[in-house]
Amino acid sequence: MDKGLWLKGCLHCHSKNSDGFLDPEGVASFYESRGYRLLALTDHEKISGVKGFNGVFQFGVEASRGKCMFGASYHIVALGVDDAKILDVKDPQLFIDRVNEEGGLTFIAHPYWSNLTHEDLTQLEGYVGIEVYNTGCDVEVAKGYSTVHWDCLLSSGRKIWGIAVDDSHRYVIHPLDADGGWIWLNVDDPSPEAALKSIREGKFYSSMAPKITMFIHTLSYLKIECTPIHRLDIISSNGRGHSILLETIMELLKDWSNPNKRRLCERILTSLEHSDEGLKQKIYLETVKGSRLMLEINKDGIVGLEAKMSFNYPYVRVELADENGRRAWINPTFNL
């Protein structure tokens, strides 16, 4: 992971200035009390500020613009703009262009919830990412995940980041729509300008819970260290990639020690070794295709992975899930 400061950030939330349940100061207090050090207040069609926040505050807005294939509008989140005149721009592409001209950035909110197609998303240019997870859309109507939209864009050659957000309105009223999705942003200094720069450059990962402490990736090697997870997916275009499940690894380990089942394992593995180090254990395996994996496991799940295999794909992104299904998304690396 890059050196520097890491800020837990909320990039999409609402106050009473549009349709939220808390006033702006209440929103700031809510997130500050939960360890957030980056906050963007993005009321609908209104630019709101806060008087106090112990961290980096970004002015923002959520704008509804244009019409898509199935009749819905694009919901565009703009950050780094504090002039309400920006809201006079009604065309979605011109809105994105104007925000960029003024030094801000944009991303597309909840593509799944908005019923957006891949064609809709490719009609626009200049936005830095899409919401890969939206807490409010998830808990309200089960349309919070937009990973398919993301992978379609990445497979078509778009360099787009995946952003997890709350889109919070209720905060403390069930179903809870706050503190469910955020980013961990790497910055050189805690300033609004540095935060915008890092978001543009994709120097963050998104999460619902898992925390990543190390990530190294080359065309033939991947290493990751994290809080305990039960699944790690390496995802690329078409049918490329790998899915590593803790339950599968443990079943393979059990079957490998059983002479009657080992023959079946040898259809996919050439070797499997296990090392018990007390509080942790390590499992080493090699596939018949020459890929080599080392997994470090504690009592709660996988906490480390080293993979030596070909990653010569157009793009590679990594997705993690803990035992409760809460996910984290590392932004893609590109080999184009």
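In this text the structure is predicted, and so the values were computed from the model without any measurement.

A. The side chain of Asn134, seen in detail. Mapped onto the fold, Asn134 is located in strand β6 (residues 129-134). Looking at Asn134, its side chain comes within polar contact range of the side chain of Glu131, at 2.8 Å. What Asn134 contacts, discounting residues up to four positions off in sequence, is His12, His110, Gly144, Val165, Asp166 and Asp167.

B. Summary view of the pattern of salt bridges. Summed over the entire model, instances satisfying the criterion amount to 17 salt bridges. A salt bridge links Arg65 to Glu45, with the shortest nitrogen-to-oxygen separation between them at 3.1 Å. Taken together, the residues span a long stretch of sequence, with Arg65 in strand β3 (residues 56-65) and Glu45 in the loop between β2 (38-41) and β3 at a distance of 20 residues. Classification of Glu45 by relative accessible area gives partly exposed; the value is 32%. Residue Glu201 is joined to Lys197 by a salt bridge in which the shortest nitrogen-to-oxygen separation is 2.8 Å. Here Glu201 and its partner Lys197 are both found in helix α6 (residues 192-201), four residues apart, which amounts to about one turn of the helix. The partly exposed category is assigned to Glu201, whose relative accessible area is 39%. What makes Lys197 partly exposed here is its relative accessible area of 42%. The network of salt bridges with shared partners includes Asp151, Arg231, Asp233, Arg317, Glu319 and Arg327.

C. Spotlight on helix α1 (residues 24-32). Buried within α1 are the following residues: Pro24, Val27, Ala28, Phe30 and Tyr31. Relative to the axis of α1, the buried residues are bounded by an arc of 160° and lie together on one face. Considering only its buried residues, α1 is in contact with β1 (5-10) and β2.

D. Fine view of the environment of Phe334. Of note, Phe334 is situated in strand β19 (residues 327-334). In this structure the C-alpha to C-alpha distance between Phe334 and Pro314, which are 20 residues apart in sequence, comes to 5.9 Å. Discounting residues that sit within four places of it in the chain, Phe334 has contacts with Leu154, Arg158, Lys159, Ile160, Trp161, Pro314 and Tyr315.

E. Representation of the nonpolar core within the structure. Judged by nonpolar contacts, the single largest core of 50 residues is most densely connected at Tyr31, Ile212, Leu222, Ile224, Leu232 and Leu320. Top contributing element to this core by residue count: helix α7 (residues 246-256), with five residues. Counting 30 residues, the second largest nonpolar core, distinct from the first, contains Val89, Val99, Leu121 and Leu154.

F. The packing of aromatic side chains, seen in detail. Using the criterion set out here, one finds eleven aromatic pairs in the structure. With a centroid separation of 5.3 Å and an interplanar angle of 65°, the aromatic rings of Phe30 and Tyr171 are classed as edge-to-face. In this pair, Phe30 is assigned in helix α1 and Tyr171 in the loop between β7 (161-165) and β8 (182-187), connecting sequence segments 141 residues apart. Assigned by exposure class, Phe30 and Tyr171 land together as buried. The interplanar angle of 55° and the centroid separation of 6.4 Å between the aromatic rings of Tyr145 and Trp329 together place this pair among those described as tilted. Note that Tyr145 is positioned in the loop between α4 (135-141) and α5 (147-155) and Trp329 in strand β19, a separation of 184 residues in sequence.

G. Seen up close, the sheet that holds strand β14 (residues 269-276). Here we have six strands laid out as an open sheet, ordered β10-β11-β17-β16-β15-β14, and antiparallel in their pairing. Every interior strand has two partners, whereas the edge strands, β10 (212-217) and β14, have only one. Between one strand axis and the next, the sheet turns by 15° as a mean value, whatever way the strands run. Judged from the seven bridges that link them, strand β16 (residues 292-298) and strand β17 (residues 301-308) form a sheet pairing that is antiparallel.

H. Just unusual backbone geometry, in detail. Backbone torsion omega between His174 and Pro175 reads 0°, so that peptide bond is classified as cis. Structurally, Pro175 can be placed in the loop between β7 and β8. With phi around 25°, His110 is a residue other than glycine that occupies positive phi space.

I. Representation of the layout of surface pockets. Approximately 490 Å³ is the volume attributed to the largest pocket. Around the largest pocket, the lining comprises 18 residues; the ones closest to its centre are His242, Ile268, Thr287, Ser291 and Leu293. Residue assignment for the lining of the largest pocket shows that the elements contributing at least two residues are β13 (241-245), α7 and β15 (281-287). Per element, the largest residue contribution to the lining of the largest pocket is four residues, and it comes from β13. Tallied by class, the residues present in the lining of the largest pocket amount to ten nonpolar, six polar and two charged.

J. How the structure looks around a negative patch on the surface. A contiguous patch of negative charge, built from Asp82, Asp83, Asp88, Glu101 and Glu102, is present on the exposed surface. Within the secondary structure layout, Asp83 lies in the loop between β4 (74-79) and α2 (92-101).

The rules behind the values
Residues numbered from 1 in each chain as written. Predicted model: local features only at pLDDT ≥ 70, side-chain atom pairs only at ≥ 80, totals over all residues. Heavy atoms only, no water. Helix = DSSP H or I, 4+ residues; strand = E, 2+ residues; numbered from the N terminus. Polar contact = N/O pair within 3.5 Å; in protein donor to acceptor, adjacent residues only side chain to side chain. Contact = heavy atoms within 4.5 Å. Salt bridge = Lys/Arg side-chain N within 4 Å of Asp/Glu carboxyl O. Buried < 20%, exposed > 50% of the residue type's maximum accessible area, 1.4 Å probe, protein only. Arc of directions from axis to C-beta. Core = buried A, V, L, I, M, F, W, Y, C linked by side-chain atoms within 4.5 Å. Phe/Tyr/Trp six-rings, centres within 6.5 Å; stacked < 30°, edge-to-face > 60°. Pairing = 2+ DSSP bridges. Axes fitted to C-alpha atoms, helices over the stretch in contact; angles between N-to-C directions. 1 Å grid on protein atoms, 1.4 Å probe; cavity = no way out; pocket = protein on both sides within 12 Å on 5 of 7 lines; lining within 4 Å. Points joined across faces, edges and corners; volume = space filled by probe spheres on them. Nonpolar A, V, L, I, M, F, W, Y, C, P; charged D, E, K, R; others polar. Patch = residues over 30% accessible without salt bridge, like charges linked within 9 Å, V, L, I, M, F, W, Y side chains within 5 Å. Areas by Shrake-Rupley, 256 points an atom, 1.4 Å probe, with all protein chains shown as cover. Lys, Arg positive; Asp, Glu negative; His and termini not counted. Charge placed at Lys NZ, Arg CZ, Asp CG, Glu CD.

Structural measurements only, silent on function.
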